Amino acid sequence: MSAFIEKLKAAREDGAKNICAASDPQSLEAARAALFGRNGVFTALGKELGALPAEEKPAAGKSLNDAKRELSALLDETAAKIAGQGASTGEGIDLTLPGRRRRTGHKHPVSIVIDDCVAIFRRMGFIVAEGPEIETVFNNFDALNTPQDHPSRDPADTFYFEDGRLLRTQTSPVQIRVMEKQSPPVRIVAPGRCFRRDTPDATHSANFHQIEGLYVDKGVSMSDLKSVLLYFAKELMGPDVEIRLRPHFFPFTEPSVEYDFSCVMCAGKGCRVCKQSGWLEISGAGMVNPAVLRNVGYDPDEWSGFAFGMGIERIAMIRYRISDIRLLYENETRFLEQF
Ligand code: PHE
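Just so we're clear, the structure is a prediction, and the values are computed from it rather than from any experiment. (Residues numbered from 1 in each chain as written. Predicted model: local features only at pLDDT ≥ 70, side-chain atom pairs only at ≥ 80, totals over all residues. Heavy atoms only, no water.)

K.L.:
With reference to specific residues and values, describe helix α1 (residues 3-21).
P.N.:
The terminal C-alpha atoms of α1 lie 27 Å apart, and with 19 residues this matches the ideal 27 Å at 1.5 Å per residue to within 8%. Along α1, the residues classified as buried are F4, L8, A11, G15, A16 and I19. Along the axis of α1, the buried residues cluster in a sector spanning 130 degrees; they form a single face. Residues A3, K17, C20 and A21 are exposed on α1 and point more than 90 degrees away from its buried face. (Helix = DSSP H or I, 4+ residues; strand = E, 2+ residues; numbered from the N terminus. Expected span 1.5 Å × (residues − 1). Buried < 20%, exposed > 50% of the residue type's maximum accessible area, 1.4 Å probe, protein only. Arc of directions from axis to C-beta.)

K.L.:
Give a description of the site of the ligand that names residues and reports values.
P.N.:
In the region of the ligand, 14 residues are neighbours, and Q170, S172, R196, Q210 and G309 sit closest. Between the ligand and the protein, one listed contact pairs a nitrogen atom with a side-chain N or O atom of Q170 at 2.9 Å. Protein coverage of the free-state accessible area of the ligand, which is 330 Å², stands at 92%. Broken down by secondary-structure element, the contributors of at least two residues to the shell around the ligand are β5 (207-217), β8 (279-288) and β9 (304-311). Each residue belonging to the shell around the ligand can be placed in one class, and the counts come to 5 nonpolar, 7 polar and 2 charged. (Near = heavy atom within 4 Å. Polar contact = N/O pair within 3.5 Å; in protein donor to acceptor, adjacent residues only side chain to side chain. Areas by Shrake-Rupley, 256 points an atom, 1.4 Å probe, with all protein chains shown as cover. Nonpolar A, V, L, I, M, F, W, Y, C, P; charged D, E, K, R; others polar.)

K.L.:
Residue-level account of the pattern of salt bridges, with values.
P.N.:
In the structure shown here, the tally under the stated rule is 20 salt bridges. One salt bridge in this structure joins K218 and E302, with 3.4 Å as the shortest N-O distance. With a gap of 84 residues between them, K218 in the loop between β5 and α8 (222-237) and E302 in the loop between α9 (290-295) and β9 connect regions that are remote in the sequence. We classify K218 as exposed; its relative accessible area is 51%. Where R334 meets E332, a salt bridge forms, and the shortest distance between an N and an O atom there is 3.2 Å. It is possible to trace a salt-bridge network through shared partners that takes in R244, R246, E258, D260 and E281. (Salt bridge = Lys/Arg side-chain N within 4 Å of Asp/Glu carboxyl O.)

K.L.:
Describe the domain arrangement of the protein chain, with residues and values.
P.N.:
According to the domain assignment, the protein chain consists of domain 1 (2-89) and domain 2 (109-336). Taken over C-alpha atoms, the centre of domain 1 sits 84 Å from the centre of domain 2. (Domains from an automatic or database assignment.)

K.L.:
Requested: an account of the pairing of strand β4 (residues 186-195), with residues and values cited.
P.N.:
Where burial is concerned, most of β4 is hidden: 8 out of the 10 residues are buried. One ladder, built from 2 bridges, connects strand β1 (residues 127-128) with β4; its direction is parallel. What sits directly across from V128, in β4, is V189. Sheet topology places β4 next to β5; 10 bridges connect them, and they run antiparallel. Pairing of A190 across the sheet is with E212, part of β5. (Pairing = 2+ DSSP bridges.)

This is the structure in structure tokens:
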């Protein structure tokens with residue numbers, strides 16, 4: 001056997017031993033460099049091959065290539081083995097670790113209440129209408145039969161723009177927009193944001209939400225209003241809830257009422273939340289004033305209707321036992337994540 005082949009045999013055995021002894025990526029890389037690196041044994045053998053006599057070259061070259069191929073395969077095999085061990089020893093990728101939960105967003109309590117209210121009214125055949133938050137004085141007040149000297153028009157209560165328009169103080173102007181555009185019958189609900197110059201406290205916010213309802217048809221009466229509100233109350237708050245209508249005044253309805261839900265905390269017995277009355281005030285409603293119907297070109301002798309409007313935040317506070325309306329607008333995630 002030539003000296004070259006002997007050297008090659010020794011290098012091959014040593015190399016295989018070193019590769020098999022490697023237990024981590026660093027020692028394996030060292031073993032690879034010692035064989036095939038710039039100063040590696042096989043790199044040197046490659047150079048020696050060139051200096052061999054011509055008749056020895058073919059056999060020696062073949063042996064060299066065989067050895068290289070064998071050791072390369074052994075390197076790959078060992079690398080795979082080390083990576084596999086990492087999975088259970090905590091090195092590399094640990095497939096036994098628990099997954100990382102992705103934090104998903106969710107609906108704001110005000111949106112939840114709006115969606116739930118809309119769903120209930122849709123089951124009664126109401127469709128959703130919308131209007132802009134910036135309104136004309138005509139839609140927000142005049143067409144709704146609001147007297148010129150009504151206190152709600154005062155700039156101390158309502159936000160006006162320099163061009164005379166305003167931030168709507170209620171969702172009732174959507175009634176006007178819908179009736180001006182379409183002829184009766186009409187059956188809509190209009191959820192949306194409203195604005196009033198209120199000093200914020202536990203129950204007041206300068207911006208808040210209402211959901212408006214309007215139903216105009218032939219022969220609509222107060223009992224239709226009452227049955228719709230009762231069905232709504234029971235669907236939203238549970239089958240034991242009762243409602244109560246109290247006489248009230250709004251310029252755009254006649255007769256007008258305020259309506260209450262029986263207190264959901266004490267089932268009407270009287271508690272701190274309902275101030276011992278057994279009732280929770282929800283909002284206003286009434287039969288659409290014939291003057292309003294005339295303002296939009298409806299004949300009040302042919303058509304009659306009812307309208308209602310309720311505060312979304314008020315309902316959310318009752319439903320989720322929230323004691324301060326401002327919590328709904330502070331965007332404190334620890335608060336919002338509870339819903
Ligand atoms: N717009 C009234 C308010 O904001 C509520 C209401 C709506 C009353 C519809 C009667 C009919 O207080």
